[in-house]
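What follows is the residue order along each chain.
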Amino acid sequence: QNYSKSELCHHQSILESSFFSPSLARQTKYEKGIWLHTDLDKGQSAVKYTLSGEGAGTIFTIDQITGDIHALRSLDREEKPYYTLRAQAVNIETNRPLEPESEFVIKVQDINDNEPKFLEGPYTASVPEMSPVGTYVMKVMATDADDPTYGNSARVVYSILHGQPYFSVDPKTGVIRTALPNMDREMKELYQVLIQAKDMGGQLGGLAGTTTINITLSDVNDNPPRFSKSIFHLRVPESSAVGSAIGRIKAHDLDTGKNAEVEYNIVPGDGGAMFDITTNEHNQEGIIMLKKPLDYETKKAYTFKVEASNAHLDPRFHNFGPFKDTATVKINVLDVDEPPVFSKPSYAMDVYEDTPQGTIIGAVTAQDLDAGNSPVRYSIDWKSDLDSFFDIDPVRGTISTNELLDRESIAQHNISVVATKVNNPVLTSRVAVTVHVLDINEFPPELAMPYETFVCESAKVGQVIQVISARDQDLPQAGQRFSFKSPQEGVKTKNFTIRDFGNNTAGVVTLRGGFKRRSQEIYHLPVLIEDGGLQTLSSTSTLTIRVCGCDTDGSLLTCSAEAIFLHVGLSTGALIAILVCIVILLVIVVLYVGVRRQKKKETLMTSKEDIRDNVIHYDDEGGGEEDTHAFDMGTLRNPKVIKENLFRRDVKPELGLCPRRPIASQNSADISNFINQRLQEHDGDTSAPPYDSLATYAYEGEGSVAESLSSIESVKGETEEDYDYLNEWGPRFKTLAGIFGERSESQSDVTSSTTTENKH
């Protein structure tokens, strides 16, 4: 196109499928390209053309000499429908603009390159069965990305590829309707329809898309219930309980859901009054229930009719016939040897507490309903009356008291009476008997709670300072009537009185004002309480009234003795200072006693060089059970307890070799000979343990002048022992005598440790 000095002419459109190559530009520039030219271009190659804007250099390119514009790749209208570009002519040598820059728009022309698509498919729909032709099912819609304003590229036409002759589709709107009448769900329930959408108005060469629609026939009540047989036979024992299920029948309905719900009814007539029928909601069975007791001796068989009908009828199908069916039920009663039957399902009896023993409080009655009419015997189940409060006459069934009853202990007794047939003791029946113990007025009333009553020092005359109520252990607790009064009604000089409010409460009322804690802190007020029983009982309780300090609105401040002292002049700060001083003195005394005790403990440990205070520890590993059996560990502590004839287990004992009891040496000076003798005895002893162990060579008791120094064998306590004799034992016991002598003089409570002298 010509590029003038004043403006640039716009090319209107270009096909979106066009693709231009620079090598073919001159051959196709009038067919598929865009050609730019300016009047200043005289064909002398002095003008150069430039291109800028959307897609310049990437999507579009321009021949700088000829002004031809080419597309570098295929264009997609659905991606971008138009491009805005700017062109300019410049001097090829100086690059100076020859004319102002102009703008032009390239519009991409649509072609049919997109098929219709069902964005929401596949679809699911439902239509009632037996619907007339043309019943609306659903509407489908396909979308085409091509330009709907240009040609027929986006003009869609619908058609059915699969699903005829049951359904049809409107070619323009996509509405699907039924095409056959009276489609029966019981014959076929699910249909699959294939819908096609084709553009170009359905013409040859158009693009197409498909979708699937799953259409389900919903159920309608077009089938009545039907019994599988006309007569049902049932056999029922006469012992069947009233209200129990004695049989089941069923009418089948081909419909589903609510349309298959069946109602059963017994047709009035012979035998129908004895039974009832209900519907099982889960499987639509008719459950026949026993309405009245059966008696084989009275009637042996029953016959009645049962009608089954639909609960939800559809008036469109009334012409199909009655939606109900009828069947006959025959019931044969079976004879059963039954236990006795009580006249009542349960019994309730009343008796006053403290009723004399042997008083009849009621009776139970049972009889044998079988043809034999066997006699009945009565008894009380011992598990229900463990304490034997009641007794029963085995023949008449009268119940009497066997012990005195106390309502406050047990207010209600629940016992079980057993009735047994004489001719068949295995058949028994039970009935529950509830005995209510009635209350008599035996407890006087008392205050409902311990009241903490106070009166303000600023109380006025006639002021109610406390509201009281009462309670009574007698029954009934609800509806009891109590009255309150003061037993000192005739006394003139009184501080308080009782005012009965008439609603089982009373108030403590002041008769004067000006109470002072310093004068009298506590007052006692007796209260007389009476109940409203037939035999009136009463009791007297005493209220303790404390005088307290209150603020201006009557709220309690304090009732303690501290408040009284404050009025005398002793401040709170002074009381706190006194308490702090007392605490400090107590701490000083405790510290002093602790220091004294510490000094005494140090005195006991001063003789650290005395080897008699050292404990020698031998960390020898034992031999387990072999150790305890082979050697008596008590021998290490006391030579007197050595067992006789004890041999080693790992060495065969020799005949004639028996361990002998060591003889304690009486000569304390010959210590070396004694130790050597003991060492040789232990080396050759066959009863010694087969491992290294501690062997004691000390001798005490008989071999020591001082006998045993151990506290284990001491008989007397520490406080009774006199340690003065330690001074007579010589210089070796001087330190020990000094320690225990000092403890005796101080008479302290410090516990001494037992010191054992170890000799080797």
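Residues numbered from 1 in each chain as written. Predicted model: local features only at pLDDT ≥ 70, side-chain atom pairs only at ≥ 80, totals over all residues. Heavy atoms only, no water.

1. Comments concerning the pairing of strand β32 (residues 412-421)
Reasoning step 1: Of all 10 residues making up β32, eight are buried, and the element is well covered by its neighbours.
Reasoning step 2: Alignment of strand β29 (residues 376-380) against β32, held across five bridges, turns out to be antiparallel. Following the sheet pairing, V376 is matched in β32 by K421.
Reasoning step 3: As paired strands, β32 and strand β33 (residues 428-438) are joined by nine bridges and run antiparallel to one another. Its bridge partner being in β33, T420 is matched across the sheet by T428. (Buried < 20%, exposed > 50% of the residue type's maximum accessible area, 1.4 Å probe, protein only. Helix = DSSP H or I, 4+ residues; strand = E, 2+ residues; numbered from the N terminus. Pairing = 2+ DSSP bridges.)

2. Quick look at the sheet that holds strand β14 (residues 175-178)
Reasoning step 1: Strand order in this open sheet of three strands is β11-β14-β13, and the pairing throughout is antiparallel. The open sheet has two free edges, formed respectively by β11 (136-139) and β13 (167-169), since each of these has just one partner strand. Taken over all neighbouring pairs, the strand axes of this sheet differ in orientation by 20° on average, direction set aside.
Reasoning step 2: As paired elements, β11 and β14 share three bridges and run antiparallel to each other. If you follow Y136 over to β14, its bridge partner there is R177. (Axes fitted to C-alpha atoms, helices over the stretch in contact; angles between N-to-C directions.)

3. Side note on the nonpolar core
Reasoning step 1: The biggest cluster of nonpolar side chains holds 24 residues, and the ones touching the most others in it are F227, F275, V306, V329 and I331.
Reasoning step 2: Residue assignment for this core shows that the elements contributing at least two residues are β18 (231-237), β19 (245-252), β20 (262-267), β21 (275-279), β22 (285-290), β23 (301-310) and β24 (324-334).
Reasoning step 3: Those residues in contact with I331, other than ones at most four positions away along the chain, are L234, V236, I246, F275, K300, A301, Y302 and F304. (Core = buried A, V, L, I, M, F, W, Y, C linked by side-chain atoms within 4.5 Å. Contact = heavy atoms within 4.5 Å.)

4. Here's the deal with the pairing of β19
Reasoning step 1: Taken together, the two bridges between strand β17 (residues 226-227) and β19 define a ladder with antiparallel strand orientation. Paired with F227 across the bridge in β19 is A251.
Reasoning step 2: Direction of pairing for β19 relative to β22: antiparallel, over a ladder of five bridges. The partner of G247 across the bridge, within β22, is I288.

5. Comments concerning the confidence of the model for the protein chain
Reasoning step 1: Scored by pLDDT, the protein chain comes out at a mean of 78, with 74% of its residues at no less than 70.
Reasoning step 2: Note that residues 1-12 has pLDDT below 50 and, in this model, 38 contacts with residues that lie over four places away or in other chains.
Reasoning step 3: Note on residues 655-659: pLDDT under 50 across the span, and eight contacts to partners over four residues away in sequence or across chains. (pLDDT = per-residue confidence, 0-100.)

6. Quick look at the pattern of salt bridges
Reasoning step 1: Applying the stated rule across the entire model yields 14 salt bridges.
Reasoning step 2: Between E186 and R185 there is a salt bridge whose closest N-O contact spans 2.8 Å.
Reasoning step 3: You can call E186 partly exposed: its relative accessible area is 23%.
Reasoning step 4: On the accessibility criterion, R185 (10% relative accessible area) is buried.
Reasoning step 5: As a salt-bridge pair, D368 and K421 come within 3.3 Å of each other at their nearest N and O atoms. Taken together, the positions of D368 in the loop between β28 (366-367) and β29 and K421 in strand β32 put the pair 53 residues apart, joining distant regions of the chain.
Reasoning step 6: For D368, a relative accessible area of 4% puts it in the buried group.
Reasoning step 7: K421 sits in the buried class, given a relative accessible area of 1%.
Reasoning step 8: Overlapping salt bridges bring together R185, E186, E189 and D219 as one network. (Salt bridge = Lys/Arg side-chain N within 4 Å of Asp/Glu carboxyl O.)

7. Points about a nonpolar patch on the surface
Reasoning step 1: Residues I576, V580, I584, L585 and I588 make up a contiguous nonpolar surface patch of about 480 Å² in total accessible area.
Reasoning step 2: With respect to the element layout, I588 can be found in helix α3 (residues 572-604). (Patch = residues over 30% accessible without salt bridge, like charges linked within 9 Å, V, L, I, M, F, W, Y side chains within 5 Å. Areas by Shrake-Rupley, 256 points an atom, 1.4 Å probe, with all protein chains shown as cover.)

8. Here's the deal with the packing of aromatic side chains
Reasoning step 1: For the coordinates displayed, the defined rule picks out 12 aromatic pairs.
Reasoning step 2: For the pair F227 and Y264, a centre-to-centre distance of 6.3 Å together with 50° between the ring planes defines the contact as tilted. Taken together, the positions of F227 in strand β17 and Y264 in strand β20 put the pair 37 residues apart, joining distant regions of the chain.
Reasoning step 3: On the accessibility criterion, Y264 (5% relative accessible area) is buried.
Reasoning step 4: Here the aromatic rings of F515 and Y523 are separated by 5.6 Å at their centres, their planes lie at 80°, and the arrangement is edge-to-face. With respect to class, F515 is no different from Y523; both count as buried.
Reasoning step 5: Grouped by ring-pair contacts, the aromatic residues Y166, F167 and Y191 constitute a single cluster.
Reasoning step 6: Above the plane of the ring of Y83 lies K80, whose end atom (NZ or CZ) is 5.6 Å from the centre.
Reasoning step 7: Over the ring of Y296 we find K300; its NZ or CZ atom is 4.8 Å from the centre of that ring. (Phe/Tyr/Trp six-rings, centres within 6.5 Å; stacked < 30°, edge-to-face > 60°. Lys NZ or Arg CZ within 6 Å of the ring centre and 35° of its normal.)

9. With respect to the state of the cysteines
Reasoning step 1: Under the criterion given, the structure shown has one disulfide.
Reasoning step 2: With its sulfur 2.0 Å from that of its partner, C456 forms a disulfide with C550. Where C456 bonds to C550 through sulfur, the torsion about that S-S bond is close to -80°, and the disulfide is left-handed. Here C456, found in strand β35 (residues 453-456), pairs with C550, found in strand β41 (residues 538-550); they are 94 residues apart in sequence, far enough to count as distant.
Reasoning step 3: Given the relative accessible area of 8%, C456 is considered buried. (Disulfide = S-S within 2.5 Å.)

10. Re the environment of G554
Reasoning step 1: Relative to the helices and strands, G554 resides in the loop between β41 and β42 (556-558).
Reasoning step 2: Exposure remark for G554: the relative accessible area of 37% places this residue in the partly exposed category.

11. Remarks on unusual backbone geometry
Reasoning step 1: Residue P122 follows G121 across a cis peptide bond; omega there is -5°.
Reasoning step 2: Summarising the element assignment, P122 is placed in the loop between β9 (102-109) and β10 (123-128).
Reasoning step 3: Across the junction of Q164 and P165, the peptide omega takes the value 5°, indicating a cis bond.
Reasoning step 4: Tracing the backbone shows P165 in the loop between β12 (157-162) and β13.
Reasoning step 5: Even without being glycine, Q284 reaches a positive phi, approximately 60°.
Reasoning step 6: Position of Q284 relative to the elements: it lies in the loop between β21 and β22.
Reasoning step 7: A positive phi angle, near 65°, is found at D354, a position not held by glycine.
Reasoning step 8: Mapped onto the elements of the fold, D354 is located in the loop between β26 (346-352) and β27 (360-363).

12. With respect to the side chain of T178
Reasoning step 1: Within the fold, T178 resides in strand β14.
Reasoning step 2: On the basis of relative accessibility, which here comes to 2%, the residue T178 falls in the buried class.
Reasoning step 3: Polar contacts involving the side chain of T178 include one to the main-chain amide nitrogen of T135, which spans 2.9 Å. (Polar contact = N/O pair within 3.5 Å; in protein donor to acceptor, adjacent residues only side chain to side chain.)

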